[in-house]
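Survey of secondary and tertiary structure
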Amino acid sequence: MREKFALIFIILFLSISCTGCQLAQPEKGIAGDKLVGAYITTEAVTVYEDSYLALNPMWSDSPAPENDGKIYGTFDEESNTLTFPNITGYPLFQLTEEIDGVPSHSIISDASDLHQHISQSDTEADKIEISGTFYYDTNKVATHFYCDEPDEEYEQMEDIIVTTEEYGDGEMEYHYQTPGQDINFYVNSLYQTPSGEYYIIADTGTFCCGGDSSQTLSSEATVDSKELSSFQVTANFKEMVSTDTVTFTQIDKNGKALKEDTYTADTFPETYTYPDNADYILITRTDMNGIVRYETINRDDDFYSCFFSTDTIFCEELQLEVIH
């Protein structure tokens, strides 16, 4: 039973810790480098060697010998993409460029709901906050069920994976798992050097899982030995059932359907022309679970978007411009 109590404790701890991530302590920066954002991964980023791990637990605060833990990335200015070698991730960071001698700030990310707030004045240093939301596809997330005895309902579920474990006192536990991956989001601090290089530091990412959650990273720096500048980045994670099909039906002022267009992720257009004889556009959106929702595009609407499935756990928001 001791092993079982330990398992229950671990599950309880994860349930408590994953309901929402807390604000990280302000970071002071590294030798003049500055925090500019976050790099989201679904696996922990590490550079530790197996031989080093054998002697030092992964949760050790000490870097591996002869390695400062920094992993440098490559930023492509033409495509505005940031990549790291052998790491799949999703950036959320602020890009600062000089335009006619004046700093210009923008957010680089595939996340949705991007927001930026910059507090500037002649007497105080800049205070900058950015945020973005990553919508993950719940249909690609594995679901776990634990039972003390076989459960016929679970066993009849399609593609269910069943494993068992026997404890020291002879008790059995049945574990049912649906297809998909477990949710593990690591929010890694993204730094930029004075020369413009970007890097993350291995084994420092903050872990989030399950439900709707968020993680905030922040930093502070002294400017001119007296003024305090600050930067804050917040990565939000929200559940989403991706869209299967979306149908646009043009409705005239008498309620008559004029024309109907159905789109999928592959055919979703970049623009849609609002006809002069239509009173509004009825949107019929069917998600991957077969649930139908209705929306409208009215004459004063300039954009419409919906979320589609991708090869990753995250959904992609596709947006079209309404041409009037």
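In the block above lies the structure referred to throughout.
The following refers to the structure shown. A quick note: this is a predicted structure, and the numbers were derived from the prediction, not measured. (Residues numbered from 1 in each chain as written. Predicted model: local features only at pLDDT ≥ 70, side-chain atom pairs only at ≥ 80, totals over all residues. Heavy atoms only, no water.)

Regarding the sheet that holds strand β9 (residues 144-147)
Put simply, the test is: A pair of strands is treated as paired once DSSP finds two or more bridges between them. Going along the chain from the N terminus, every DSSP run of H or I of four or more residues is numbered as a helix, and every run of E of two or more is numbered as a strand. Helix axes are fitted only over the stretch in contact, all axes being lines through C-alpha atoms; the angle between N-to-C directions runs from 0 to 180 degrees.
Spatially, 3 strands are ordered β9-β11-β10 in an open sheet, and the strand pairing comes out antiparallel. Each edge of the open sheet carries a strand with a single partner, namely β9 and β10 (161-166). If you compare each strand with its neighbour and ignore which way they point, the axes differ by 20 degrees on average. Direction of pairing for β10 relative to strand β11 (residues 172-177): antiparallel, over a ladder of 6 bridges. What sits directly across from Thr-164, in β11, is Tyr-174.

Observations regarding a negative patch on the surface
Basically, it comes down to this: Within this analysis, patches are made of residues with over 30% relative accessible area and no salt bridge. Like charges are joined at 9 Å or less; nonpolar side chains (Val, Leu, Ile, Met, Phe, Trp, Tyr) at 5 Å or less. Only the protein chains shown count as covering a residue, and every accessible area follows the Shrake-Rupley method with a 1.4 Å probe. Only one rule defines a salt bridge in this text: a Lys or Arg side-chain nitrogen within 4 Å of an Asp or Glu carboxyl oxygen. Charge convention: Lys and Arg are scored as positive, Asp and Glu as negative, and His as well as the terminal groups of each chain are ignored. The atom standing in for a charge is NZ when the residue is Lys, CZ when it is Arg, CG when it is Asp and CD when it is Glu.
On the surface, Asp-76, Glu-77, Glu-78 and Glu-97 cluster together to form a negatively charged patch. Along the chain, the position of Asp-76 falls in strand β3 (residues 74-76).

Overview of the pattern of salt bridges
For the structure on display, the rule yields 3 salt bridges. Across the pair Lys-70 and Asp-33 runs a salt bridge, and its minimum N-O distance is 3.9 Å. With Lys-70 in strand β2 (residues 70-72) and Asp-33 in the loop between α1 (2-17) and β1 (34-41), the pair connects residues that are 37 residues apart, well separated along the chain. A salt bridge links Arg-285 to Glu-295; the nearest nitrogen and oxygen atoms lie 3.4 Å apart. One end of the pair, Arg-285, is in strand β20 (residues 280-287); the other, Glu-295, is in strand β21 (residues 292-297), and 10 residues separate them in sequence.

Focus: the side chain of Asn-188
Cut-off, in case you're wondering: N or O atoms closer than or at 3.5 Å make up a polar contact, with two conditions inside protein: a donor-capable atom paired with an acceptor-capable one, and, for residues adjacent in sequence, both atoms drawn from side chains. Any two residues whose heavy atoms approach within 4.5 Å at even a single point are treated as in contact.
Structurally, Asn-188 is set in strand β12 (residues 185-192). A distance of 3.2 Å separates a polar atom in the side chain of Asn-188 from a polar atom in the side chain of Thr-41. Not counting residues within four places of it along the chain, the set of residues in contact with Asn-188 comprises Gly-37, Ala-38, Tyr-39, Thr-41, Val-45, Ile-200, Gly-205 and Leu-217.

Concerning the packing of aromatic side chains
Using the following cut-off: Pairs were defined over the aromatic rings of Phe, Tyr and Trp, the Trp ring being its six-membered one, requiring ring centres within 6.5 Å. Orientation was assigned from the angle between planes: stacked under 30 degrees, edge-to-face over 60, tilted for the rest.
In the structure shown here, the tally under the stated rule is 20 aromatic pairs. Their ring planes at 85 degrees and their centres at 5.9 Å tell us that Phe-75 and Phe-93 sit as a pair that is edge-to-face. Residue Phe-75 is located in strand β3, and its partner Phe-93 is located in strand β5 (residues 90-99); the two are separated by 18 residues in the primary sequence. Considering the side-chain rings of Phe-145 and Tyr-154, the 4.3 Å spacing of their centres and the 25 degrees angle between planes classify their relative orientation as stacked. Among the aromatic residues, those joined into a cluster by ring pairs are Tyr-90, Phe-134, Tyr-136, Phe-185, Phe-237 and Phe-314.

Some details on the nonpolar core
Quick note on the threshold: The nonpolar core is taken to be a set of buried Ala, Val, Leu, Ile, Met, Phe, Trp, Tyr and Cys residues, with the residues joined through side-chain atoms within 4.5 Å. With a 1.4 Å probe rolled over the protein chains alone, any residue whose accessible area is under 20% of its type maximum counts as buried; one over 50% counts as exposed, and the rest are partly exposed.
Ile-40, Phe-134, Tyr-136, Phe-185, Val-233, Phe-237 and Phe-314 are the most contacted members of the largest nonpolar core, which totals 26 residues. Those elements that provide at least two residues to this core are β1, β5, β8 (127-137), β12, β13 (198-201) and β16 (227-240). Of all hydrophobic cores here, the second largest spans 16 residues; its members include Tyr-274, Ile-281, Cys-306 and Leu-318.

Points about the environment of Tyr-39
Relative to the assigned elements, Tyr-39 resides in strand β1. Sequence separation between Tyr-39 and Tyr-191 is 152 residues, and the spatial gap between their C-alpha atoms is 9.8 Å. Within the local environment of Tyr-39, its side chain forms a polar contact with the backbone nitrogen of Gly-89, the two atoms lying 3.4 Å apart.

With respect to unusual backbone geometry
Unlike most non-glycine residues, Asp-113 shows phi in positive territory, near 55 degrees. With respect to the helices, strands and loops of the structure, Asp-113 is situated in strand β7 (residues 112-119). A relative accessible area of 34% means that Asp-113 is categorised as partly exposed. Phi at Asp-159 is positive, roughly 60 degrees, even though this residue is not glycine.

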